[in-house]
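Inside the fold
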Amino acid sequence: MLRGKKILIGVCGSIAAYKSAVLIRLLIKSGAEVQVVMTDSAREFITPLTLSTLSKKPVLSRFQKDETGLWNSHVDLGLWADLILIAPATAKTMASMANGIADNLINAIYLSARCPVVFAPAMDLDMYQHPATKNAISKLKSFGNIILDTAHGELASGLVGQGRMLEPEEIHEFVTEYFTKHNPLTGKNVLITAGPTYEPIDPVRFIGNHSSGKMGLEIALQAASNSANVTLVLGPNNLPADKLSQFDVVDVSTAREMYEACDKVYKNQDIVILAAAVADYASPDPANQKIKKSGENLSLQLTKTIDIAQSLGERKEKQFLVGFALETENELENAKAKLKKKNFDLIVLNSLKDEGSGFKHNTNKITIIAADNKVKEFELKSKMEVARDIINEIVSSIA
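Our subject in this report is the structure included herewith. (Residues numbered from 1 in each chain as written. Predicted model: local features only at pLDDT ≥ 70, side-chain atom pairs only at ≥ 80, totals over all residues. Heavy atoms only, no water.)

Focus on the packing of aromatic side chains
Summed over the entire model, instances satisfying the criterion amount to 4 aromatic pairs. On the basis of an interplanar angle of 70 degrees and a centroid distance of 6.1 Å, the ring pair of Tyr110 and Phe119 is categorised as edge-to-face. Here Tyr110 and Phe119 have matching classes, each one buried. Aromatic pair Tyr198 and Phe206: ring centres 3.8 Å apart, planes at 20 degrees, arrangement stacked. Taken together, the aromatic side chains of Phe174, Tyr178 and Phe179 make up a single cluster linked through ring pairs. (Phe/Tyr/Trp six-rings, centres within 6.5 Å; stacked < 30°, edge-to-face > 60°. Buried < 20%, exposed > 50% of the residue type's maximum accessible area, 1.4 Å probe, protein only.)

This is how it looks when you write it as structure tokens:
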């Protein structure tokens, strides 16, 4: 239900903090990746050990990681999350966030967030009804945040009234329904190619390139986080296994193997994103034994590999086809020509001339060109953000 979703839970100082343990367990069971951030006062109600055990991640509380001076980046955490859920949300935290007070880690993350933020309030009935609290809630709503209702019942003070945090099952149901409703790729089949291909010369050597597969992986993660059914056809790589486990991965080595893997599932795909760096040439007859070094020169006969993009483009029916162009000169002209020749709906251009762009980097700088030749340029960003931009452009195009 929530496979691939990244949910950051902010736990504040309330007796309702014990409910966060059950909520985390439900989200993890549904396939979400959960990062917990606690306020100092929350640690008085439930231990970080409990929540880290359930979330399978260290619980964060402060900017500084340890005495070495390393720090937990609120900016990175705000960008990482697909949803921030403040549960329980106390009157103090809501008032601070409503007024932009970044006096702790969770408040700073909130001010850096680019994703939806949901508050599950928990407090005594008089605090909940106080004009200051109502004003904070009104301001948070005006910023586009989502404020869940509170429940009526017995409160920690012994009074009975409105102010109880919703039960974990109710919050979990809301989060599930929210993503189902707001995920434009729900139920879509998305095929993504990533990484290089290795074309053998002999049992030891091959023709390849410097592609790491990082960009394709980030695109796959973004598609999965939008509830798409992702098939990743992946060339040789050193990518983290825990991230790859979130979708169906088909491991290949050569261009021919990559084509055959794509061809096998192509007709059932809604979106195809060809991010792999496929070798253009291969040895037609690789040696069975290692070629021994002899003489001053070695001549190799090479033939073109199968053009995966053109083959799929020629057979395109319902598929929305996205290609990539890595250029070193005449970048825009070459990308536009490739867009038309391969029958792409979008092409993503990046240039090796741009510092921080291309192979092996954790950043990229792209330009997206649509079939009508409309050009949209983006600044240098992390590959995670670039992947989000690409998926957003696809969603906008098919909407």
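Having put the structure on the table, let's press on.
Structural notes on helix H9 (residues 214-225)
Between its terminal C-alpha atoms H9 stretches 16 Å, which fits the 16 Å expected from 12 residues at 1.5 Å a residue. Most of H9 sits inside the fold, with 11 of its 12 residues counted as buried. Three or more residues of H9 are buried, namely Met215, Gly216, Leu217, Glu218, Ile219, Ala220, Leu221, Gln222, Ala223, Ala224 and Ser225. A positive backbone phi angle near 70 degrees is found at Ser227, which sits one or two residues after H9. (Helix = DSSP H or I, 4+ residues; strand = E, 2+ residues; numbered from the N terminus. Expected span 1.5 Å × (residues − 1).)

Some details on the environment of Lys92
As for its placement among the helices and strands, Lys92 is situated in helix H4 (residues 91-98). C-alpha of Lys92 to C-alpha of Ala136: the two residues are 44 residues apart in sequence and 9.5 Å apart in space.

Considering the nonpolar core
The biggest cluster of nonpolar side chains holds 36 residues, and the ones touching the most others in it are Ile192, Ile219, Phe247, Ile273, Ile390 and Ile394. When contributions to this core are tallied by element, the ones reaching two or more residues are strand E8 (189-194), H9, strand E11 (229-234), strand E13 (271-274), strand E16 (320-327), strand E17 (346-351), strand E19 (367-370) and helix H14 (383-398). Among the elements that take part in this core, H9 stands out by supplying 7 residues, more than any other. Core analysis: the second largest hydrophobic core is formed by 31 residues, Ile24, Val59, Ala87 and Tyr178 among them. (Core = buried A, V, L, I, M, F, W, Y, C linked by side-chain atoms within 4.5 Å.)

Concerning the sheet that holds strand E4 (residues 117-121)
By definition, the strands of a sheet pair up through backbone hydrogen bonds, in either a parallel or an antiparallel sense. Judged by pairing direction, the sheet is parallel, and its 5 strands sit side by side in the order E2-E1-E3-E4-E5 without closing on themselves. Whereas interior strands pair on both sides, the edge strands pair on one side only; in this sheet they are strand E2 (33-38) and strand E5 (146-147). Bridge count for strand E1 (residues 6-11) against strand E3 (residues 83-89) is 4 bridges, and the pairing is parallel. Paired with Gly10 across the bridge in E3 is Ile86. Along the sheet, helix H1 (residues 18-29) makes contact with E1, E2 and E3, crossing E1 at roughly 180 degrees. Against the sheet, helix H2 (residues 48-55) contacts E1 and E2, and its axis sits at roughly 165 degrees relative to E2. (Pairing = 2+ DSSP bridges. Contact = heavy atoms within 4.5 Å. Axes fitted to C-alpha atoms, helices over the stretch in contact; angles between N-to-C directions.)

A few points about the pairing of E19
Both faces of E19 are covered, namely the face carrying Thr367 and Ile369 and the face carrying Ile368 and Ala370. Sheet topology note: the E17/E19 ladder contains 4 bridges and is antiparallel. Bridge assignment links Leu349 to a residue of E19, and that residue is Thr367. Here E19 runs beside strand E20 (residues 375-377); their pairing, made up of 3 bridges, is antiparallel.

Notes on a negative patch on the surface
Residues Glu169, Glu170, Glu173 and Glu177 make up a contiguous surface patch of negative charge. As for its position among the elements, Glu177 is in helix H8 (residues 168-182). Residue class for Glu177 comes out partly exposed when judged on its relative accessible area of 47%. (Patch = residues over 30% accessible without salt bridge, like charges linked within 9 Å, V, L, I, M, F, W, Y side chains within 5 Å. Areas by Shrake-Rupley, 256 points an atom, 1.4 Å probe, with all protein chains shown as cover. Salt bridge = Lys/Arg side-chain N within 4 Å of Asp/Glu carboxyl O. Lys, Arg positive; Asp, Glu negative; His and termini not counted. Charge placed at Lys NZ, Arg CZ, Asp CG, Glu CD.)

Here we look at a nonpolar patch on the surface
Judged by side-chain polarity, Tyr281, Leu298, Leu300 and Leu302 come together as a nonpolar surface patch covering roughly 380 Å² of accessible area. Looking at the element boundaries, Leu300 is found in the loop between strand E14 (281-282) and strand E15 (303-304). Judged by its relative accessible area of 41%, Leu300 is partly exposed.

What to know about the sheet that holds E11
Ordered in space as E12-E11-E8-E13-E16-E17-E19-E20, the 8 strands form an open sheet in which the pairing is mixed. The sheet is open, and its two edges are formed by strand E12 (248-251) and E20, each paired on a single side. With direction set aside, neighbouring strand axes in the sheet form an average angle of 15 degrees. In this fold H9 packs onto E8, E11, E13 and E16, with an angle of close to 165 degrees to the strand it touches most, E8. Contacts from helix H11 (residues 255-265) reach E8, E11 and E12 within the one sheet, and its direction differs from that of E8 by about 175 degrees.

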